Amino acid sequence: MPSPCVITIAITGSVPRKADNPAVPISLAEQIESTHEAFEAGATLAHCHVRNDDESPTSDPERFARLMEGIQAHCPGMILQLSTGGRSGSGRERGGMIPLAPDMCSLAVGSNNFPTRVYENAPELVDWLASEMIEHDVKPEIEAFDLSHVFQAVKMSQDGRLAKPLHVQFVMGVKNAMPVDRASFEFFVATLTRLAPDATWTGAGIGKDQITLNRWSLELGGHCRTGLEDNVRLDRETLAPSNAALVKRVVALCPEFDRRPATVAEARSLLGLRAAA
Ligand code: MG
């Protein structure tokens, strides 16, 4: 029987602009509409960043609150995940939205290089973000840009700084970080499964390799992430017309690997989240 796959739609991110692809949703109205289309196409988890009106990234909790409200109204039961990523703010301002108590927030547990800078996640800040997530009953998605991040997440779950079971996202294809490499990907999956057998995982590929990671994740029993945050094209010549178009691409791949998109209830149960209100 086909096994369910949680499809994450990363709608906006903090990098792509309208100049890269006019379909990148920037205003709250655009973000809600784009998420709704992706939800109808089969996405069950929305990974969200917010932007200022001039398209620059922000971590403004007020804006996150309005986005949550809109998505909850239009996409019943969809899992909401807010970004605490370092491109949208610095220091503890990165966690200002955690008290909104979304289902999930992203959490980087270590540092690495990004295309033009160091992605700095100092231990003190990581511990504080993790403690905020425990306090507000928010499940973290661990962003693993490196193998050391997998070990760190496991250690934090063993000593009580993170709740169990873990959900980890393996990110490949960020320039100056982990390249897209099949043997390494398999090693990431095997290492997580060995150290934390109850953990779930998602694969995320950047740029043209978004679909490569979609395929590998479906094949190896993980979950999939797609969306304009990570990739604005369908192929070299064609811009993706919407987030929904990228979701449809994953849905179309599912049967090849004996998988199917999870329902909202299945997605919540697979990730150990409370049922939708
Ligand atoms: Mg993000």
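Residues numbered from 1 in each chain as written. Predicted model: local features only at pLDDT ≥ 70, side-chain atom pairs only at ≥ 80, totals over all residues.

So, about the overall build of the chain. Within the chain, the secondary structure is distributed over eight helices and 14 strands. Taking 277 residues into account, the globule formula puts the C-alpha radius of gyration at 19 Å, and the chain, at 17 Å, falls close to it. Considered along the principal axes of its C-alpha atoms, the chain spans approximately 45 × 45 × 40 Å. Across the 277 residues that make up the chain, the buried fraction comes to 48%. Considering only intrachain contacts with a sequence separation of at least 6, the fraction spanning at least 24 residues in the chain is 71%. (Helix = DSSP H or I, 4+ residues; strand = E, 2+ residues; numbered from the N terminus. Rg over C-alpha atoms; globule rule 2.2 N^0.38 Å. Buried ≥ 20, exposed ≤ 12 C-beta atoms within 10 Å, placed from the backbone. Contact = placed C-beta atoms within 7 Å.)

Glancing now at the sheet that holds strand β12 (residues 200-205). Spatial ordering of the closed barrel is given by β2-β3-β6-β7-β10-β11-β12-β13, a layout of eight strands whose pairing is parallel. Strand-to-strand twist across the sheet, computed as the mean angle between neighbouring axes with direction ignored, equals 25 degrees. Sheet topology note: the strand β10 (residues 139-144)/strand β11 (residues 167-172) ladder contains three bridges and is parallel. The residue of β11 that forms the bridge with A144 is F170. Helix α5 (residues 182-195) rests against β10, β11 and β12 of the sheet, and its axis sits at about 165 degrees to β11. (Pairing = 2+ DSSP bridges. Axes fitted to C-alpha atoms, helices over the stretch in contact; angles between N-to-C directions.)

Between helix α1 (residues 28-41) and helix α2 (residues 61-74), the shortest axis-to-axis distance is 9 Å and the interhelical angle comes to 35 degrees. For the element pair α1 and α2, the recorded crossing hand is right-handed. Two secondary-structure elements touch here, α1 through L28, Q31, I32, T35 and H36 and α2 through R63, R66, L67, G70, I71 and H74. Tallied by class, residues from the contact of α1 with α2 come to four nonpolar, five polar and two charged. (Left-handed = near helix turned anticlockwise from the far one by under 90°. Nonpolar A, V, L, I, M, F, W, Y, C, P; charged D, E, K, R; others polar.)

Glycine aside, residues mostly have negative phi angles, and peptide bonds mostly take the trans form. Residue P165 is bonded to the preceding K164 through a cis peptide linkage, with omega at -5 degrees. Within the element layout of this structure, P165 appears in the loop between α4 (147-158) and β11. Its identity as a non-glycine residue notwithstanding, N176 has a phi of 75 degrees, on the positive side. Locating N176 in the fold gives a position in the loop between β11 and α5. On the basis of neighbour counts, which here come to 13 C-beta atoms within 10 Å, the residue N176 falls in the partly exposed class.

Attention now goes to the nonpolar core. Judged by nonpolar contacts, the single largest core of 74 residues is most densely connected at A43, A46, A153, V168, F170 and V247. Non-local contacts of V168, meaning those with residues more than four positions away in its chain, are made with I142, A144, V150, A153, L192, A199 and W201. (Core = buried A, V, L, I, M, F, W, Y, C linked by C-beta atoms within 7 Å.)

A large share of β11 lies buried, amounting to six of its six residues. Judged by which residues are buried, β11 turns out to be covered on both faces: H167, Q169 and V171 on one side and V168, F170 and M172 on the other are all buried. Since β10 and β11 lie parallel, the crossover through α4 that links them has a hand, and here it is right-handed. Bridging between β11 and β12 involves six bridges; their strand directions are parallel. (Right-handed = clockwise from strand over helix to strand, strands pointing away.)

Time to look at the packing of α4 against α5. Closest axis-to-axis distance for the α4/α5 pair is 10 Å, and the angle between their directions is 10 degrees. By the angle class used here, α4 and α5 are roughly parallel. Like other packed secondary-structure pairs, α4 and α5 cross with a definite hand, here right-handed. Of the residues in α5, those touching α4 at L147, V150 and V154 are F188, T191, L192 and L195. (Parallel < 35°, antiparallel > 145°, perpendicular 65-115°, else oblique.)

Looking along a regular strand, one sees the side chains alternate between the two faces of the sheet. Summarising burial for β10: six of the six residues are buried, a large majority. Covered by surrounding structure in β10 are K139, E141 and E143 together with P140, I142 and A144, the residues of both alternating faces. In the sheet, strand β7 (residues 104-107) pairs with β10 via four bridges, with the strands oriented parallel. By the bridge assignment for β10, C105 is matched with P140.

The next thing to look at is the environment of E141. Structurally, the position occupied by E141 is in strand β10. On the basis of neighbour counts, which here come to 26 C-beta atoms within 10 Å, the residue E141 falls in the buried class. Through-space distance from the C-alpha of E141 to that of L28 is 23 Å; in sequence the pair is 113 residues apart.

So yeah, pure geometry; function would need other evidence.
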